[in-house]
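Residue strings, one per chain:
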Amino acid sequence: MYRAPISEISHTLRNVIGIGQGLENGAFGDLNGELLDAILLEAGRFAAEEVEQIVTEAEKTGAQLKDGVVTMPKGWKDLYHTWKDGGWNAIGSPVAYGGQGLPLMVSMAALEMWCACSLAFGLCPTLTMGAVEAIAAHGTDELKTRYLPKMISGEWTGTMNLTEPQAGSDLGAMRTRAERNPDGSYRIFGQKIFITFGEHDLTDNIVHLVLARLPDAPAGTRGISLFLVPKFLVNEDGTPGKRNDVFCSSIEHKMGIHASPTCVMIYGDGYAKDMDKGAIGYLIGEENKGLACMFTMMNNARLAVGIQGLAVAEAAFQKALVFAHERKQGRASGWKGEGMSPIYDHPDVKRMLMTMKSSTQAARAICYACAHAIDMSHQGGERATYWADRASLLTPLAKSFATDIGMEVSSLGVQVHGGMGFIEETGAARYMRDARIAPIYEGTNGIQAIDLVMRKLPLWGGQHVFDYLVELGGVVDDLRKSKLAGLADVADRLEAALSDTVAVTSFLQKAVKDGKPDVALAGATPYQRLISLAAGGAYLAKGALAGGDAGRVALFRFFAKNVLAESAALRDRVENGADSLLTGADAALATA
């Protein structure tokens, strides 16, 4: 059974990331330490006692589509309404429209716990939160007044509609079109695929945010507009009215997240005979500037996907740890009991478990650091731009590293279970199946690496990333000065990883400056891993220093001696691997 890691979450937020200082100086309004603890405890209780209880059966049956209507698995609707009535959908949303206005750090911590029990369940609020943010930032006052209160309360849900059969990551190839109506609204025509919770029976309305192109729009991404398209048009009194011309034509049969309906959505097909053809939509932001509006939603969605990877990793680790103590095989060296020893006592199993836990905690710190930067950017003042740029730098790390770790840790979880991990009965395989989507959607991790190297490293003329690495390096001196046993002797390992990261950062920036973008891009993914490992190691060190807990000290020592050693190999791959890739790939991959 999942146990919410409240102490680790609280320790990371307070002592590693910095929410503690914000609580002390009142930066987060009425939020105080006691309220934070209460929120985390209740979110963890809801995850373990409510969400986890129905997930196994829900994953077996999945969502079902009939006549354009998606029916969610048994118990799912009651679970959602219990969650909604608890006010969870509103915790991070604007107070002006019924939200609680709590820091993003808090909502991400709660999301981690829900996703750990069921990634499929956590997906629905993730998309709604993102849609709320986009409408709040770019919608007209009329749209905000009409839609935000019910979306924030959870009475209505939201979606994000980008992908089309011929246009995945390349949105410039998008074909969905919009036509202007005399009353200022628009009619939307086209098909979107991979739409999470595009249709369901949890709420009486669904608010779709849809990218489409106007007839006179410029080519490519410069000609994309964003529209709000409700499943049901809204009456003057705020109730759902006439059915809009948007329908789900099918749901995907997927490797994982079976209880989450991944829909093919048809706009403007005249599905119902008495319906005017064309889905009514309302412009968000300005015409032909929809991509910028959608990125408001996508950036936080990318952090949320990182949280999903983290959540799966935590759940997979917990299951593997319990199994390792229960399963008996062989006799470990030093075992003095009767018969076979628990597999936990075998060094290789401990190695896997320590890798799982330390990597998960490193991913948690990076994700929460990203959320903290976003929260600080919303504080305003002269430091707002600084924190916004820090959030921009950390977003690709949070999304890519945490989702890669979700996949790696869930795979190790199957390995710890041995043959039983390959059997659905234990539940270990579900984590691995669910985890696989996270490195793909909301911008593949390869795209995150491109964004990191080509857009984020140049921030502040290239200096911002170095300032961040200098900040992380401050913990090396703290390690050397520490009286805690076992910390000073691993300071050099963290310093070496940070030094490798600094050197590779300079190498990539020079490659771009010298007009060699392909060299930089060839090393983008290993660089993304390198800087994430260095950052994660620094955060683990900071966590070990704060309070001196023996378990956290041991965890950082393991990470420093067993995981950070990757940094030298990653540096070599970036600095010396491009030529073999760029000059040899075509010959090596040529078909006979």
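Since we're looking at a predicted model, the values are computed, not measured. (Residues numbered from 1 in each chain as written. Predicted model: local features only at pLDDT ≥ 70, side-chain atom pairs only at ≥ 80, totals over all residues. Heavy atoms only, no water.)

**Structural notes on empty space enclosed by the protein**
- Applying the stated criterion across every chain, the model contains 2 cavities of 30 Å³ or more.
- For the largest cavity, the calculated volume is near 80 Å³.
- Elements supplying a minimum of two residues to the lining of the largest cavity: helix H1 (6–17), helix H9 (347–377), helix H16 (524–545) and helix H17 (550–562).
- Looking at the lining of the largest cavity residue by residue, the class counts come to 6 nonpolar, 4 polar and 2 charged.
- Its boundaries defined by the atoms lining it, the second largest cavity holds a volume of some 30 Å³.
- Lining the second largest cavity are Ala316, Lys319, Ala320, Ser410, Gly413, Val414, His417, Ala428 and Tyr431.
- Of all the elements in the fold, those that place two or more residues in the lining of the second largest cavity are helix H8 (290–326), helix H10 (384–417) and helix H11 (428–435). (1 Å grid on protein atoms, 1.4 Å probe; cavity = no way out; pocket = protein on both sides within 12 Å on 5 of 7 lines; lining within 4 Å. Points joined across faces, edges and corners; volume = space filled by probe spheres on them. Helix = DSSP H or I, 4+ residues; strand = E, 2+ residues; numbered from the N terminus. Nonpolar A, V, L, I, M, F, W, Y, C, P; charged D, E, K, R; others polar.)

**Quick notes on the packing of H10 against H16**
- At their nearest, the axes of H10 and H16 sit 10 Å apart, and the two run at 90° to each other. Considering the angle they form, H10 stands roughly perpendicular to H16. Counted together, Pro396, Leu397, Ser400, Phe401, Ile405 and Glu408 of H10 and Gln528, Arg529, Ile531, Ser532 and Leu533 of H16 form the full contact between these two elements.
- Residue composition of the contact of H10 with H16, grouped by class: 6 nonpolar, 3 polar and 2 charged. (Axes fitted to C-alpha atoms, helices over the stretch in contact; angles between N-to-C directions. Parallel < 35°, antiparallel > 145°, perpendicular 65-115°, else oblique. Contact = heavy atoms within 4.5 Å.)

**With respect to the packing of H1 against helix H3 (residues 33–61)**
- Running from N to C, H1 and H3 point in directions that differ by 145°, and their axes come no closer than 10 Å. Two packed elements cross with a definite hand, and for H1 against H3 that hand is right-handed. Between H1 and H3, the contacting residues are Ile6, Ile9, Ser10, Leu13 and Arg14 on the first element and Gly33, Leu36, Asp37, Leu40 and Leu41 on the second.
- Looking at the contact of H1 with H3 residue by residue, the classes come out as 6 nonpolar, 2 polar and 2 charged. (Left-handed = near helix turned anticlockwise from the far one by under 90°.)

**Details of the layout of surface pockets**
- Taken as a whole, the largest pocket encloses approximately 1200 Å³ of empty space.
- Thr163, Ile440, Tyr441, Glu442 and Gly443 are, among the 45 residues lining the largest pocket, the residues nearest its centre.
- Of all the secondary-structure elements, those providing two or more residues to the lining of the largest pocket are helix H6 (119–138), strand S5 (186–196), H8 and helix H12 (445–456).
- A per-element tally of the lining of the largest pocket places H8 first, with 8 residues.
- Here the residues of the lining of the largest pocket are counted per class, giving 20 nonpolar, 15 polar and 10 charged.

**Remarks on the pairing of strand S9 (residues 240–243)**
- Taken together, the 2 bridges between strand S8 (residues 232–234) and S9 define a ladder with antiparallel strand orientation. If you follow Phe232 over to S9, its bridge partner there is Arg243.
- Linking two consecutive strands that pair antiparallel, namely S8 and S9, is a turn of 5 residues; a positive phi of about 90° is found at Gly238 within it. (Pairing = 2+ DSSP bridges.)

**What to know about a nonpolar patch on the surface**
- A surface patch of nonpolar side chains, amounting to about 320 Å² of accessible area, comprises Met420, Phe422 and Ile423.
- Along the polypeptide, Phe422 turns up in the loop between H10 and H11.
- A residue is classified by how much of its surface remains accessible, and Phe422, at 71% relative accessible area, is exposed. (Patch = residues over 30% accessible without salt bridge, like charges linked within 9 Å, V, L, I, M, F, W, Y side chains within 5 Å. Areas by Shrake-Rupley, 256 points an atom, 1.4 Å probe, with all protein chains shown as cover. Salt bridge = Lys/Arg side-chain N within 4 Å of Asp/Glu carboxyl O. Buried < 20%, exposed > 50% of the residue type's maximum accessible area, 1.4 Å probe, protein only.)

**Looking at the nonpolar core**
- Trp114, Ile188, Leu303, Leu494, Tyr527 and Phe556 are the most contacted members of the largest nonpolar core, which has 159 residues in total.
- It is H9 that provides the largest number of residues to this core, a total of 15 residues.
- Setting aside anything within four residues of it in sequence, one finds Leu494 in contact with Val475, Val476, Leu479, Ala534, Gly537, Ala538, Ala541, Phe556 and Leu564.
- Counting residues in hydrophobic clusters, the runner-up holds 30 residues, among them Leu162, Leu211, Leu228 and Leu291. (Core = buried A, V, L, I, M, F, W, Y, C linked by side-chain atoms within 4.5 Å.)

**Notes on the packing of aromatic side chains**
- Per the counting criterion, the structure on display carries 9 aromatic pairs.
- Measuring from centroid to centroid gives 5.9 Å for Trp76 and Phe121, while their planes differ by 75°, and the two rings are edge-to-face. Here Phe121 lies in helix H6 and Trp76 lies in helix H4 (residues 76–85), a separation of 45 residues in the sequence.
- Under the relative-accessibility criterion, Phe121 is labelled buried at 2%.
- Seen in terms of ring centroids, Trp88 and Trp114 are 5.3 Å apart; in terms of plane orientation they differ by 75°. Their pairing is edge-to-face. Highlighted residues: Trp88 in the loop between H4 and helix H5 (104–117) and Trp114 in helix H5, separated in sequence by 26 residues.
- The exposure class of Trp88 is buried, given its relative accessible area of 7%. (Phe/Tyr/Trp six-rings, centres within 6.5 Å; stacked < 30°, edge-to-face > 60°.)

**Things to note about H6**
- Between its terminal C-alpha atoms H6 stretches 29 Å, which fits the 28 Å expected from 20 residues at 1.5 Å a residue.
- Counting buried positions along H6 gives 16 out of 20 residues, so the element sits mostly inside the fold. (Expected span 1.5 Å × (residues − 1).)

**As for the pattern of salt bridges**
- Enumeration according to the criterion identifies 29 salt bridges in this entry.
- Among the ionic pairs, Lys84 bridges to Asp85, the shortest N-O distance being 2.7 Å.
- Residue Lys84 is classed as buried on the basis of its relative accessible area of 15%.
- Among the charged side chains, a salt-bridge network with shared partners connects Glu42, Arg45, Glu49 and Glu50.

**Quick notes on helix H19 (residues 578–589)**
- Taking 1.5 Å per residue as the helical rise, H19 with its 12 residues ought to reach 16 Å, and the 16 Å between its terminal C-alpha atoms agrees with that figure.
- Where burial is concerned, little of H19 is hidden: 1 out of the 12 residues are buried.

**With respect to the side chain of Asp434**
- Locating Asp434 in the fold gives a position in helix H11.
- Not counting the four nearest positions on each side in its chain, Asp434 is found in contact with Glu59, Leu119, Gly256 and Ile257.

**Observations concerning the environment of Arg213**
- Following the sequence through the fold, Arg213 ends up in the loop between strand S6 (206–212) and strand S7 (225–230).
- Note on Arg213: relative accessible area 16%, which makes it buried.
- In the structure, Arg213 is positioned 39 residues away from Met174 in sequence and 7.8 Å away in space, judged by C-alpha atoms.

It is worth stressing that arrangement in space is one thing and function is another; only the former is reported here.
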